[in-house]
Amino acid sequence: MAVLRLFASAREAAGTGRDTVDAATVGDVLAEACARYGEDFAAVLSGCRVWVNGEPAERGDAVAEHDEVAVLPPVSGGCR
């Protein structure tokens, strides 16, 4: 199973920072996450970047057992 890691607003919308998902592609992982966590999570997901094992990923990319799929919402802030 792939390991799903959620950060910032994605973690808040899902109510968890980590889960496991049995899926063949990044898109399958994200679809299952939306089914588990609902509309609020899906809304946040639309603005997120997705990485697999530390590399940018597309929805059609394959995932294998123990791959880490990270959902990273946009980050803002900093100093003036």
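Our structure is the block above this text.
Residues numbered from 1 in each chain as written. Predicted model: local features only at pLDDT ≥ 70, side-chain atom pairs only at ≥ 80, totals over all residues. Heavy atoms only, no water.

**Brief notes about the sheet that holds strand β2 (residues 18-21)**
Test applied: A pair of strands counts as paired when DSSP detects no fewer than two bridges linking them. Numbered from the N terminus, helices here are DSSP runs of H or I no shorter than four residues, and strands are runs of E no shorter than two.
Read from one edge of the open sheet, five strands run β2-β1-β5-β3-β4, paired in mixed fashion. Strands with a single pairing partner mark the edges of an open sheet, and in this sheet they are β2 and β4 (55-56).

**So, helix α2 (residues 26-37)**
Here is the rule we go by: Multiply 1.5 Å by the residue count of a helix minus one, and that product is the helix's expected span.
In this model, α2 (12 residues) spans 16 Å end to end at C-alpha, consistent with the 16 Å of a helix rising 1.5 Å per residue. Immediately downstream of α2, the backbone of Gly38 shows phi near 90°, a positive value.

**Quick word on the pairing of strand β5 (residues 68-72)**
Here strand β1 (residues 2-6) runs beside β5; their pairing, made up of four bridges, is parallel. Counterpart to Arg5 in the pairing with β5 is Ala70. Bridging between strand β3 (residues 49-52) and β5 involves four bridges; their strand directions are antiparallel. When the bridges of β5 are listed, Arg49 appears paired with Leu72.

**Notes on the pairing of β1**
As a reminder, the rule being used: We call a residue buried when its accessible area falls under 20% of the maximum for its residue type, exposed when it is over 50%, and partly exposed in between, using a 1.4 Å probe and counting protein chains only.
Summarising burial for β1: four of the five residues are buried, a large majority. Pairing of β1 with β2, which is carried by four bridges, proceeds in the antiparallel orientation. From the neighbouring strand, Ala2 faces β2, where its bridge partner is Val21.

**A word on unusual backbone geometry**
The phi angle at Ala8 is positive, at roughly 50°, despite the residue not being glycine. For Ala8, the location among the structural elements is in helix α1 (residues 8-14). With a phi close to 75°, His66 is a non-glycine residue in the positive phi region. You can see His66 is positioned in the loop between β4 and β5. For His66, a relative accessible area of 63% gives the class exposed.

**Concerning the pattern of salt bridges**
Keep this limit in mind: A carboxyl oxygen of Asp or Glu within 4 Å of a side-chain nitrogen of Lys or Arg is what we treat as a salt bridge.
A complete count under the given rule lists three salt bridges for this structure. One salt bridge connects Glu68 with Arg5, and the closest N-O pair in it is separated by 3.3 Å. Remark: Arg5 occurs in strand β1 and Glu68 occurs in strand β5; sequence separation between them is 63 residues. Residue Arg5 is classed as partly exposed on the basis of its relative accessible area of 29%. Measuring nitrogen to oxygen at the nearest pair gives 2.6 Å for the salt bridge that ties Asp19 to Arg36. Of this pair, Asp19 sits in strand β2 while Arg36 is found in helix α2, placing the two residues 17 residues apart along the sequence. Among the charged side chains, a network of salt bridges with common partners joins Asp19, Glu32 and Arg36.

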